[in-house]
Amino acid sequence: MSLHPSVAAVRLAVRRSLADLDRGRTVLVACSGGADSLALLAASVVEGHRAGLRVVGATVDHGLQSGSAAHATLVVDQMAGLGVDETMAARVQVEDGGLGPEAAARRARYAVLEEMGRHLDAAAVLLGHTRDDQAETVLMGLARGSGGRSLAGMRRSFDRYRRPLLDVSRVDTETACQVEGLRFWQDPHNTDPAYTRARVRHVVLPVLEEHLGPGVAATLARTADQLRVDMDLLDDLAEAAHARLADPVDGALPVAGLAAEPDAVRRRVLRLAALAAGSPASELFHEHVRGLDALVTDWHGQRWVDLPGHVRGQRSGGVLRVARHAP
């Protein structure tokens, strides 16, 4: 009996993502109980065991909603029922720190997943982001004026993390769960208009589909794929330049060295300096980086440039310093 197309699409994506791993290694799969991560976990159990891999399911309770602990318990039961080799669960304390609730929760989640991955010596940590998530990320980045990096979207892999489902639609993950009899959770935050991503998902993308025709999400995701290689190269050049130019003690950057770099590289170096000083990525926009850039390329005695996260860029004596300051 042939597989339902949606189940087959999810399994094929996971199979391709795990193809380079050696038998006997451990794969950690992050699972919130939503359709995307449940479909990912179900496919990972099948494909991972077929490839001789040990599959561990992990859920993270952010404690942001009433009943979250009970929900985490249900997810653990679901993961065990799917046949994982081990389940893991953790509760994290989400501290905003000026990042905003979404970014703060994401930071806390990645921190605990990283700890789990190290504990298990996991060869890969799988995340359930889909093609639709990628399209939403691209649109939000464009709205923030984040430049080419916004068009590149989420990376398919970084460090030990992998996103197998970036070519799979949300419709397919939901259908796969329904076909396999998996009851998935609908996170109320995903429909709360207080969250930017929820507005993009339920208002902006449907309007684009209505007026531009179907397939907008797929087109945005495809654009991200096409540009990611170029953006990765520029990012690599910027990281090398930042490592070469930044003072190892305080991170100060020589103005002459910055001015010698191409615009695309120099501005990325300045963004890296701002992030290193503690400016939150979700609030650091193009206009902030342009302000720092003016301290290098259009210097006429400006005192400083204030950045999100109580970070300030200031030029003095041929050196640019980007550091935290007292509010």
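For the structure, check the block above.
Everything in this summary refers to the structure shown in the same document. (Residues numbered from 1 in each chain as written. Predicted model: local features only at pLDDT ≥ 70, side-chain atom pairs only at ≥ 80, totals over all residues. Heavy atoms only, no water.)

### Concerning the packing of helix α11 (residues 263-276) against helix α12 (residues 286-297)
So the rule is basically this: A fitted line through C-alpha atoms serves as each axis, taken over the contacting stretch for helices, and the angle formed by two N-to-C directions is quoted from 0 to 180°. Only runs of H or I of at least four residues qualify as helices and only runs of E of at least two qualify as strands under DSSP, and these elements are numbered from the N terminus. The crossing is said to be left-handed when, going from far helix to near helix, the turn is anticlockwise and less than a right angle, and right-handed when the turn is clockwise. We call two residues contacting when some pair of their heavy atoms lies within 4.5 Å.
Across the interface, α11 lies against α12 with an axial gap of 9 Å and an inter-helix angle of 115°. Where α11 crosses over α12, the handedness of that crossing is right-handed. On the side of α11, the interface is formed by R266, R267, L270, R271 and A274, while α12 contributes V289, R290, L292, D293, V296 and T297.

### Describing the packing of aromatic side chains
Definition in use: Pairing of aromatic side chains here covers Phe, Tyr and the six-membered ring of Trp, requires ring centres within 6.5 Å, and sorts the geometry by plane angle: under 30 degrees stacked, over 60 edge-to-face, intermediate tilted.
Applying the stated criterion across every chain yields a total of 3 aromatic pairs. Centroid distance Y110 to Y161: 5.4 Å. Interplanar angle 75°. Geometry classified as edge-to-face. You can see Y110 sitting in helix α4 (residues 101-120) and its partner Y161 sitting in strand β6 (residues 161-162), a full 51 residues away along the chain. Each ring, one from F158 and one from Y161, has its centre 5.0 Å from the other, and the planes form 20°; the classification is stacked. The rings of Y110, F158 and Y161 are connected pair by pair, giving a single aromatic cluster.

### Focus on the pairing of strand β2 (residues 54-61)
Formally: Partly exposed describes any residue whose relative accessible area lies between the buried limit of under 20% and the exposed limit of over 50%, with all areas from a 1.4 Å probe on protein chains only and scaled to the type maximum. DSSP-based pairing: two strands are paired if at least 2 bridges between them are found. Classification remark: right-handed applies to a crossover when, strands pointing away from the viewer, the course from the first strand over the helix to the second runs clockwise.
Taken across its 8 residues, β2 has 7 buried, putting it largely inside the fold. In terms of strand pairing, strand β1 (residues 26-30) meets β2 through 5 bridges, oriented parallel. Across the sheet, A30 pairs through a bridge with A58, a residue of β2. Each parallel crossover has a hand, and the one from β1 via helix α2 (residues 35-50) to β2 is right-handed.

### What to know about the sheet that holds β2
Sheet architecture is open: 6 strands sit in the order β3-β2-β1-β4-β6-β5, paired in mixed fashion. Both outer strands of the open sheet, β3 (86-91) and β5 (157-158), are each paired with one neighbouring strand and no more. Relative to β3, β2 is paired through 6 bridges, and the arrangement is parallel. If you follow G57 over to β3, its bridge partner there is T87. Contacting β2 and β3, helix α3 (residues 68-81) crosses the sheet at an angle of about 170° to β2.

### Here's the deal with a nonpolar patch on the surface
Going by this rule: Residues enter patches when they are more than 30% accessible in relative terms and free of salt bridges; like-charged ones are connected within 9 Å and nonpolar ones (Val, Leu, Ile, Met, Phe, Trp, Tyr) within 5 Å. For the accessible areas, the method is Shrake-Rupley and the probe is 1.4 Å, while residue cover comes only from the protein chains on display. The salt bridge definition used is simple: a Lys or Arg side-chain nitrogen within 4 Å of an Asp or Glu carboxyl oxygen.
Nonpolar side chains collect at one region of the surface, where V203, V204 and V207 lie side by side and expose about 210 Å² of accessible area between them. Here V207 shows up in helix α8 (residues 196-212). Assessed through its relative accessible area of 38%, V207 is described here as partly exposed.

### Side note on the pattern of salt bridges
Taken as a whole and assessed by the stated rule, the structure comprises 24 salt bridges. R160 is the salt-bridge partner of E114, the closest N and O atoms lying 3.8 Å from each other. Here E114, found in helix α4, pairs with R160, found in the loop between β5 and β6; they are 46 residues apart in sequence, far enough to count as distant. Accessibility expressed as a relative area gives 22% for E114, which makes it partly exposed. Note that R170 is salt-bridged to D133, the shortest N-O span being 2.9 Å. Here D133 lies in helix α5 (residues 131-143) and R170 lies in helix α7 (residues 170-179), a separation of 37 residues in the sequence. Both residues of the pair, R170 and D133, belong to the buried class. Among the charged side chains, a salt-bridge network with shared partners connects D133, E136, R170, R197 and R201.

### A look at the pairing of strand β10 (residues 319-324)
Examined bridge by bridge, strand β7 (residues 253-254) and β10 share 2 bridges and lie antiparallel to one another. Each bridged residue has a counterpart across the sheet, and for P254 the counterpart in β10 is V319. Inspection of the sheet shows strand β9 (residues 311-316) paired to β10 by 6 bridges, in the antiparallel sense. Within β10, the residue paired with S316 across the bridge is V319. Connecting β9 to the next strand, β10, in antiparallel fashion are 2 residues, including G317 with a positive phi near 60°.

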